[in-house]
Amino acid sequence: MREQRLWRQSARRVKEDERAFLLIFDQFKAALDTDDFNGLFISTRVIIKLADPRGQQTFEMFREKFKGQTNIIDFVNALDAQFKAAIGK
């Protein structure tokens, strides 16, 4: 119970730090360049949790890289919907 409370407090602090998005976005771009699907998934999940509007470019880049690959695009669209819900759009 205490660990969950500490995790939520830490996540809140990270969310408030402007640099957090840039660090995670750099990781996303590196994973995109190397087709590191695990890195793409993890960094995208964190971007959704951060709910920073700058994260929208993540999904646009994802779609561009994997255009024509329906299964991946469907997955990206689902993640994008989660992101939009997180930022309140």
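This text goes with the structure placed above it.
What counts as what
- Residues numbered from 1 in each chain as written.
- Predicted model: local features only at pLDDT ≥ 70, side-chain atom pairs only at ≥ 80, totals over all residues.
- Heavy atoms only, no water.
- Axes fitted to C-alpha atoms, helices over the stretch in contact; angles between N-to-C directions.
- Helix = DSSP H or I, 4+ residues; strand = E, 2+ residues; numbered from the N terminus.
- Parallel < 35°, antiparallel > 145°, perpendicular 65-115°, else oblique.
- Left-handed = near helix turned anticlockwise from the far one by under 90°.
- Contact = heavy atoms within 4.5 Å.
- Phe/Tyr/Trp six-rings, centres within 6.5 Å; stacked < 30°, edge-to-face > 60°.
- Buried < 20%, exposed > 50% of the residue type's maximum accessible area, 1.4 Å probe, protein only.

Visitor: Can you lay out the packing of helix α3 (residues 37-50) against helix α4 (residues 56-65) for me, pointing to particular residues and giving the numbers?
Guide: Two elements in contact, α3 and α4, have axes separated by 10 Å at closest approach and are oriented at 150°. By the angle class used here, α3 and α4 are roughly antiparallel. Considering how the two elements wind past one another, α3 and α4 form a crossing that is left-handed. Of the residues in α4, those in contact with L40, T44, I47 and I48 of α3 are T58, F59 and F62.

Visitor: Provide a residue-level description of the packing of aromatic side chains, including the pertinent values.
Guide: In this structure the tally under the stated criterion is seven aromatic pairs. Relative to F25, the ring of F21 has its centre 5.4 Å away and its plane inclined at 15°; by these criteria the two rings are stacked. Taken as a pair, F21 and F25 lie in helix α2 (residues 18-33) at a separation of four residues, close to a single helical turn. Here F21 matches F25 in class, with each residue buried. When the centroid spacing of 6.1 Å and the interplanar angle of 15° are considered together, the rings of F25 and F28 count as stacked. Pair noted here: F25 and F28 are both in helix α2, with a separation of three residues, about one helical turn. Among the residues examined, F25 registers a relative accessible area of 7% and is labelled buried. An aromatic cluster is built from F21, F25, F28, F37, F62 and F66, whose rings are joined through pairwise contacts.

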